[in-house]
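# Report on the structure
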Amino acid sequence: ENQVVEDVGITIAKRTLQRYLGPEDVLIFENSDCNYESDISKWLDLLDHLHDSLITTKLTSSETRTEAKQYLKKLEETIAWIKDNPNNWIVSEIVYDDVDDVDDDGNEKLIFNPRISKKGKINKIVFKPLDIAPYCKPLFQIADVTLVMSATIMDVDTFCRNIGLDINQVKFIEMDSEFPIENRPVYKMNVALLNYRSLKVDSVQRQIASSIDRIMDYHSAEKGIIHTTSYAQVSFIVNLLSEKNRRRLIKTDPEIPRDEIIAMHRLRNVNNNIKDNSVLISPSLHTGLDLKDEQSRFQILVKVPYPSLGDRWIKKKETLDGG
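Since this is a predicted model, take the numbers as computed values, not measurements. (Residues numbered from 1 in each chain as written. Predicted model: local features only at pLDDT ≥ 70, side-chain atom pairs only at ≥ 80, totals over all residues. Heavy atoms only, no water.)

### Some remarks on the confidence of the model for the chain
For residues with low pLDDT, the predicted coordinates do not support detailed interpretation. As a reminder, the rule being used: The predictor attaches a confidence to each residue, called pLDDT, with possible values from 0 through 100. Working rule for contacts: check all heavy atoms of both residues, and any pair within 4.5 Å makes them a contact.
Residues of the chain with pLDDT of at least 70 account for 89%, and the chain-wide mean is 85. Taken together, the stretch residues 110–118 has pLDDT below 50 and engages in 23 contacts with residues farther than four places along the chain or on a different chain. Ignoring residues within four places in sequence, the model shows residues 270–274, a span with pLDDT below 50, making five contacts including any to other chains.

Shown next, in the form of structure tokens:
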């Protein structure tokens, strides 16, 4: 569902508009008086204006012209979808230039009172559909039979309703894990109550690092992985770990291809007194990675990520799905 929402929805950002439009159009976007309570038709007026400006804009760079055409096509599709079913769309987020308040998970606080929501010039607006079923139908019409595999289908009725499948035409097969329970125990350390604010407290950071140190000592001769929810956590963990365990870490880096990082972990052998016991640490390795057998004998979850209820789309979906 989230993937379709991201594909169908659109983000209008000032930085993007500055690449394709003149300063007057950017100012119209920045100074718009639209807010969370504004009718979608008012938002459409703004989108239509940006669309018309993109059509008439003159760009000198051929590369920028190509990018602008792709952006224009995306904008045209979104406008058409909103006009076709305006009640299905929501402005899930408005970011202002001077917003500096954050919630416990580090997300910008969203202010729903239109009288106080205007804190500065608009920097970014995110539009998302609530019901993605109409946009999923073309996917399921490609073939006679579609196989959907997922580890996170918690309720088959809700899943089918959300993506527009007739439950009577669906065969749901649930399989147990191939790993025996005794081979996948979960140990709760209960180090501290973790949220955006507590993770900035020095004593909490030291408690987390100390616990990770003990776990890594216990698995001193084995490879593993540490899952964080931010690079800020990676930073303080690396700084506070003992020297012997710090040397075992392999960090991901947004500037380095992921495959290169994984290869370093898989191929690392005895070198400069470093045993074959490397440990990956990253906020971005929780999906799409298979560390078989000796590649990871333990995993550490510093903090379990969960969606922010400050996101209007998530809050609305919770209500629609009976949460």
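### Looking at the side chain of Ser282
Basically, it comes down to this: Helical segments are the DSSP runs of H or I of at least four residues, strand segments are the runs of E of at least two, and each set is numbered from the N terminus. When accessible area is computed with a 1.4 Å probe and restricted to protein chains, residues below 20% of their type maximum are described as buried, those above 50% as exposed, and intermediate ones as partly exposed. Whenever two N or O atoms come within 3.5 Å, that pair is a polar contact, provided that in protein one can donate a hydrogen and the other can accept it, and provided that, for residues adjacent in sequence, both atoms are side-chain atoms.
Here Ser282 is to be found in strand E6 (residues 279–282). Here Ser282 falls in the buried class, since its relative accessible area comes to 1%. In terms of polar contacts, Ser282 uses its side chain to reach the backbone amide nitrogen of Ser284, at 2.8 Å. The contact partners of Ser282, leaving out residues within four places of it in the chain, are Ile226, His227, Thr228, Val234 and Thr252.

### Details of the layout of surface pockets
Going by this rule: Only protein atoms enter the 1 Å grid, on which a cavity is a set of points fitting a 1.4 Å probe that cannot get out and a pocket is an open set with protein on both sides within 12 Å along at least 5 of 7 lines, lining residues being those with an atom within 4 Å of a point. Grid points are joined across faces, edges and corners, and a volume is the space filled by probe spheres set on the points. Just so you know the grouping, Ala, Val, Leu, Ile, Met, Phe, Trp, Tyr, Cys and Pro go in nonpolar, Asp, Glu, Lys and Arg go in charged, and all remaining residues, Gly too, go in polar.
Put simply, the second largest pocket is a space of about 1200 Å³. As for the second largest pocket, its lining consists of 28 residues, and the residues nearest its centre are Val148, Met149, Ser150, Ile153 and Ile173. Of the residues that constitute the lining of the second largest pocket, the class distribution is 18 nonpolar, four polar and six charged.

### Examining the pattern of salt bridges
Filter applied, for reference: Criterion for a salt bridge: a side-chain nitrogen of Lys or Arg within 4 Å of a carboxyl oxygen of Asp or Glu.
Evaluation of the coordinates by the stated rule reveals eleven salt bridges. Lys14 is the partner of Asp97 in a salt bridge, and the nearest nitrogen-oxygen pair spans 2.8 Å. With Asp97 in the loop between strand E2 (89–96) and strand E3 (122–129) and Lys14 in helix H2 (residues 14–20), the pair connects residues that are 83 residues apart, well separated along the chain. The class of Lys14 is buried, set by a relative accessible area of 13%. One salt bridge in this structure joins Arg246 and Glu243, with 2.9 Å as the shortest N-O distance. Residue Arg246 and its partner Glu243 are located together in helix H10 (residues 243–246), separated by three residues, close to a single helical turn. A relative accessible area of 31% places Arg246 in the partly exposed class. Residue class for Glu243 comes out partly exposed when judged on its relative accessible area of 48%. Connected through shared salt-bridge partners, Lys14, Glu30 and Asp97 make up one network.

### A few points about the nonpolar core
Applicable threshold: We define a nonpolar core as any set of buried Ala, Val, Leu, Ile, Met, Phe, Trp, Tyr and Cys residues linked to one another through side-chain atoms lying within 4.5 Å.
Ranked by size, the top nonpolar core spans 40 residues in total, and within it Ile12, Trp43 and Phe127 carry the most contacts. Per-element tally for this core: the top contributor is helix H4 (residues 40–56), with seven residues. The contacts of Ile12, once residues within four sequence positions are left out, are Leu17, Phe29, Leu47, Leu50, Tyr71, Leu75, Asn123, Lys124, Ile125 and Phe127. Counting 18 residues, the second largest nonpolar core, distinct from the first, contains Val204, Val234, Leu241 and Leu249.

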